[in-house]
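Observations on the three-dimensional arrangement
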Amino acid sequence: MFTVATVLNALELGFIYALVAMALFLSFRVLNIADMTTDGAFTLGCAVSATAAVAGHPFLGLPLAMLAGAAAGFVTAFLQTRLAVPSILAGIITNTGLYTINLAVMGFSSNVPMLKTVTIFTAAQGALGEGAPAKLLVAVVITVAVCALLIAFLGTRLGLSIRATGDNPDMVRASSINTAFTVTVGLCIANAMTALSGAVLAQYQRSADINLGTGMVVIGLASLIIGETLFGRGGMWVKAVAAVAGSVIYRFIIALALRANVPSECLKLISAIIVALAIAAPALRAKAAFRRRRAHAGKEAARHA
């Protein structure tokens, strides 16, 4: 069904986009905030990474992209915590403003090509040799490293405070913990991971486009919810691995759709349907179980009548 090239491509993209799934895990699941900055932060990471790579600094482009993403998260958190803007609106406002920022970073051009530019992937290919799966190795190393650092951070005192803020902000305030600070740190880290994903993708496909981040919230949520649905709930390691696995599975679903000759214009619709079905799956299972119990009870009553 899948060729080796298709499998490798799905795995590479799955690990790259897994960073977005982990970012949404932090903001959506841990902090319980619907952060709409994701689309703009992803494109911001693409723009910064591409600009740095064209300037001859592909490796420097990754930390610079993370800093830019963290700055975007800080703006969203500032609007939410200091100016009392609702979280969804704060993300939308930041996302809207980032469109102009992203264009400015790319020199007010909608596209930055990198066909003859040295990237982290071409550098890795040169170091490992032509036959090595360099792109997959780079994507796996970056994602696994970020995943391990995120889980380690969530186990620290500050990380536990962030987790507690998402669970019960009133209790956290009563414990003299500044929830504005924990929310700000959480959103900065989440958007830094999103920007890193965009930075890696830009160098992976050797171009940056102003529309690359469109629909990234849906893609990230689809990956996150697929992982949670299949692997269930557990500790932080299980949840992080589920986000990565969900991203890989999502890319295989998209690859399957493309092999079935589904028009590329329909992929966003497919993503939306996947998210809707994944979110509705627990409720649908509960309703099906209730109907089975009711039918069984009806049969039992009829038998004893």
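The shown structure was predicted, so the numbers you read here are calculated from the model rather than taken from an experiment.

1. A few points about helix 3 (residues 61-81)
Taking 1.5 Å per residue, 21 residues should reach 30 Å; helix 3 reaches 30 Å between its end C-alpha atoms and fits that length. Among all positions of helix 3, only Gly-61, Leu-62, Ala-65, Ala-68, Gly-69, Ala-70, Ala-72, Gly-73, Thr-76, Ala-77, Leu-79 and Gln-80 are buried. Buried-residue contacts for helix 3 involve helix 2 (38-54), helix 4 (87-105), helix 5 (120-128), helix 6 (134-154) and helix 9 (179-205).

2. What to know about the packing of helix 1 (residues 4-30) against helix 9
Direction vectors running N to C along helix 1 and helix 9 enclose 165 degrees, while the axes themselves pass 7 Å from each other. Between helix 1 and helix 9, the crossing angle belongs to the class labelled roughly antiparallel. In terms of crossing hand, the pair formed by helix 1 and helix 9 is left-handed. Contacts from Asn-9, Glu-12, Leu-13, Ile-16, Tyr-17, Leu-19, Val-20, Met-22, Ala-23, Leu-26 and Ser-27 in helix 1 reach Gly-186, Leu-187, Ile-189, Ala-190, Met-193, Thr-194, Leu-196, Ser-197, Val-200, Leu-201 and Tyr-204 in helix 9. Of the residues that constitute the contact of helix 1 with helix 9, the class distribution is 16 nonpolar, 5 polar and 1 charged.

3. Topic: unusual backbone geometry
In this model, Asn-32 sits at a positive phi of 60 degrees, which is unusual for a non-glycine residue. Positionally, Asn-32 belongs in the loop between helix 1 and helix 2. In this structure Asn-32 comes out as exposed when scored by relative accessible area, which is 59%. The residue Ser-176 is not glycine, and still its phi comes out positive at about 65 degrees. As for its position among the elements, Ser-176 is in the loop between helix 8 (169-174) and helix 9.

Cut-offs used in this document
- Along each chain, residue indices are assigned from 1 in the same order as the chain's sequence is written.
- Thresholds applied to this predicted model are a pLDDT of at least 70 for local features of residues and 80 or more for the giving and counting of side-chain atom pairs; totals over whole chains, interfaces and linings are not thresholded and use all residues.
- The basis for every side-chain value is the complete set of heavy atoms in the structure, and neither hydrogens nor water enter the calculation.
- Put simply, DSSP marks the helices as runs of H or I at least four residues long and the strands as runs of E at least two long, and each gets a number from the N terminus on.
- One less than the residue count of a helix, multiplied by 1.5 Å, gives the span that helix is expected to have.
- Exposure is judged per residue with a 1.4 Å probe applied to protein chains only, and the accessible area is read against the type maximum: over 50% gives exposed, under 20% gives buried, and values in between give partly exposed.
- Only heavy atoms matter for contacts: two residues are in contact if any of them lie within 4.5 Å across the pair.
- Angles shown run from 0 to 180 degrees and are taken between the N-to-C directions of axes, each axis being a line fitted to C-alpha atoms and, for helices, limited to the stretch in contact.
- Between 65 and 115 degrees an angle is taken as roughly perpendicular, under 35 as roughly parallel, over 145 as roughly antiparallel, and anywhere else as oblique.
- A crossing counts as left-handed when the near helix is turned anticlockwise from the far one by less than a right angle, and as right-handed when that turn is clockwise.
- Gly counts as polar in this scheme, as do all residues outside two lists: the nonpolar Ala, Val, Leu, Ile, Met, Phe, Trp, Tyr, Cys and Pro, and the charged Asp, Glu, Lys and Arg.

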